[in-house]
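# Remarks on the overall topology
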Amino acid sequence: MPALAAAAADVEVTVLLGATTKDGWLPLPGGVRTVFVDDHKSIDAAVNGLLRAGFGPGSFDAVYAYDDPALMTAAALAAMLGARGIPPRTVALFRDKSLQKRALRAAGLPVTACTVVEDIRELPAGFRLPYPKAVVKPVAGMATQSTFVVESDADLARISAQCRANSTAARTFVIEEFVTGEEWFADGLLSDGELRFLSLGRYAQPCLSAVLEKAPVQTFCLDPVADKGAYDLAAPLVADALRVLGLTDGVFHMELFHQPDTGRLVFSECAARRAGGPISDQIRFKYGVDLAADGVRALLEPVGEPDVRVREGVVASTFLPLRPGIVLGYPTAEQVLAQPDVVHARIFVPKGMRIQGGAANTFARMGEVTVHTADAETAQRRLTELADWFRQHIEVLPLAPTLRELFADPRNADFVHAAAADG
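These numbers come from a predicted model, not from an experiment.

### Brief notes about the overall build of the protein chain
When you go through the protein chain residue by residue, the secondary structure sums to 15 helices and 17 strands. For the protein chain, whose C-alpha radius of gyration is 23 Å, the value lies close to the compact-globule estimate of 22 Å for 423 residues. Dimensions of the protein chain, computed from C-alpha atoms along their principal axes, come out at roughly 80 × 55 × 50 Å. By the burial criterion, 46% of the 423 residues in the protein chain qualify as buried. Long-range contacts, defined as pairs at least 24 residues apart, comprise 67% of the intrachain contacts of the protein chain with a sequence gap of at least 6.

### Here we look at the packing of aromatic side chains
Going through the model one piece at a time under the given rule, you end up with five aromatic pairs. Centre to centre, the rings of Phe55 and Phe60 are 5.1 Å apart; their planes meet at 45 degrees, and the pair counts as tilted. Judged by centre distance (5.3 Å) and plane angle (80 degrees), the rings of Phe197 and Tyr287 are edge-to-face. Of the two residues, Phe197 is situated in strand 8 (residues 194-203) and Tyr287 in helix 10 (residues 279-287); the sequence distance between them amounts to 90 residues. Each member of the pair, Phe197 as well as Tyr287, carries the same accessibility label: buried. Grouped by ring-pair contacts, the aromatic residues Tyr330, Trp389 and Phe390 constitute a single cluster. Of note, Arg311 hangs over the ring of Phe285, and the distance from its end group to the ring centre comes to 3.8 Å. In this arrangement the basic side chain of Arg365 is found over the ring face of Phe319, its NZ or CZ atom lying 4.4 Å from the centre.

### Brief notes about the sheet that holds strand 3 (residues 114-117)
Strand order in the open sheet formed by four strands is 3-6-4-5, with antiparallel pairing between adjacent strands. The sheet terminates laterally at strand 3 and strand 5 (148-150), the two strands that pair on one side only. Taken over all neighbouring pairs, the strand axes of this sheet differ in orientation by 25 degrees on average, direction set aside. As judged from the four bridges shared by strand 3 and strand 6 (residues 173-177), these two strands associate in the antiparallel manner. Residue Val116 lies in a different strand from strand 6, and its bridge partner there is Val174. Sheet strands in contact with helix 7 (residues 153-165) are strand 4 (134-138), strand 5 and strand 6, and its direction is about 150 degrees off that of strand 5.

### A look at the sheet that holds strand 15 (residues 354-355)
Strand order in the open sheet made by the three strands is 15-13-17, with antiparallel pairing throughout. Whereas interior strands pair on both sides, the edge strands pair on one side only; in this sheet they are strand 15 and strand 17 (395-397). With three bridges joining them, strand 13 (residues 325-329) and strand 17 adopt antiparallel strand pairing. Looking across to strand 17, one finds that Gly329 is bridged to Glu395.

### Overview of the nonpolar core
One finds Leu242, Phe252 and Met254 to be the most contacted residues of the largest nonpolar core, which totals 62 residues. Residue contributions to this core peak at eight residues, all from helix 9 (residues 228-245). In this structure, Phe220, Ala316, Leu320 and Val369 belong to the second largest nonpolar core, which totals 21 residues.

### Overview of unusual backbone geometry
Phi at Ser167 is positive, roughly 50 degrees, even though this residue is not glycine. With respect to the secondary-structure elements, Ser167 resides in the loop between helix 7 and strand 6. A positive phi is found at Asp192, a non-glycine position, where the angle reads about 55 degrees. Assignment of secondary structure puts Asp192 in the loop between strand 7 (182-191) and strand 8.

### Structural notes on the side chain of Thr219
Mapped onto the fold, Thr219 is located in strand 9 (residues 218-222). Here Gln282 takes part through its side chain, which lies 2.4 Å from a polar atom of the side chain of Thr219. Those residues in contact with Thr219 that lie beyond four places of it in its chain are Phe185, Arg202, Tyr203, Pro278, Ile279, Gln282, Val315, Ala316 and Ser317.

Conventions we followed
Residues numbered from 1 in each chain as written. Predicted model: local features only at pLDDT ≥ 70, side-chain atom pairs only at ≥ 80, totals over all residues. Heavy atoms only, no water. Helix = DSSP H or I, 4+ residues; strand = E, 2+ residues; numbered from the N terminus. Rg over C-alpha atoms; globule rule 2.2 N^0.38 Å. Buried < 20%, exposed > 50% of the residue type's maximum accessible area, 1.4 Å probe, protein only. Contact = heavy atoms within 4.5 Å. Phe/Tyr/Trp six-rings, centres within 6.5 Å; stacked < 30°, edge-to-face > 60°. Lys NZ or Arg CZ within 6 Å of the ring centre and 35° of its normal. Pairing = 2+ DSSP bridges. Axes fitted to C-alpha atoms, helices over the stretch in contact; angles between N-to-C directions. Core = buried A, V, L, I, M, F, W, Y, C linked by side-chain atoms within 4.5 Å. Polar contact = N/O pair within 3.5 Å; in protein donor to acceptor, adjacent residues only side chain to side chain.

Spelled out as structure tokens, the structure:
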């Protein structure tokens, strides 16, 4: 992917560019080759496209997948091309949440309980919710898409009917026991099976809770000195889980639940890719470590520990919220960067885009912003202030405006006055 190409400038990169990615405006740095295919996740389209472009066995040293849905395609391509890559069985353990949890449970690691539903649209006769409270989601889902909290058989039946009515693409789901506590996340780098770098962080509130409440997702880095106890608690579980799942080279993003009343840490899930959202930006600012570049390098050759330079203070981020409507304007990234304590900002949504509603998953956001402050309380306040300030400065039109609403818009004041003068 282009971010990886830019970060590892001495690596020749060919991007398998799918149609949705191309149409979604993927900025490509100079010198990157592209091979266009209908669907970069389809092994059929990927192999055929590469062969049409003249690539075959021996053409590449490694195959890297940027996101979850392409991981198995990358594994199959690596095998076909004779290149380094994550093995298919390992990919399966990272993609399928039920296989992942089964493997960790068999190894004796603390992990959330789960039950597989083969087809969410057709629950087995008499099926009962196996836990008093549960999270229901696709077995290979991501970004909290089609994810629900249920507390009764009636809730589950309603979700089943909803998925059927909406023709939800994913049909095999897992029902996971609901676990309370703080949601932590671990990100890092592996080479030759050794953990070379580890960063811990936490959500201000569990990620799913923020999405369900349509509140901006907030994330905080945990400091290796100030939060040493957290690192001492998490590092063994992180290392053991990665060993069981079989990842030896590359990057990962793991989520865990910490229960302060007992001190217990429970594994939730793990992906064999970089974290979504601004977490990689936080790590880059906090530690001077770029997991994009290091992840590519680790897949190509053995690497040692990165040059870590820990920055004191608190590094935290928030999603910038959406406003439903036709987007006409909003503060620029430069204006966001000019706000107190802001060290990084990114805007995703172009003017003219139609926003149907608030956040329904962690893809849905106007942008991201990262701050650096002296303490967590200040960081929390700044994130909330920034999200509120940004929301107040988003300009939108209603999705289906009436003429009355359009004429009432202050931006049409000159037209209205001119029409009155003509009359």
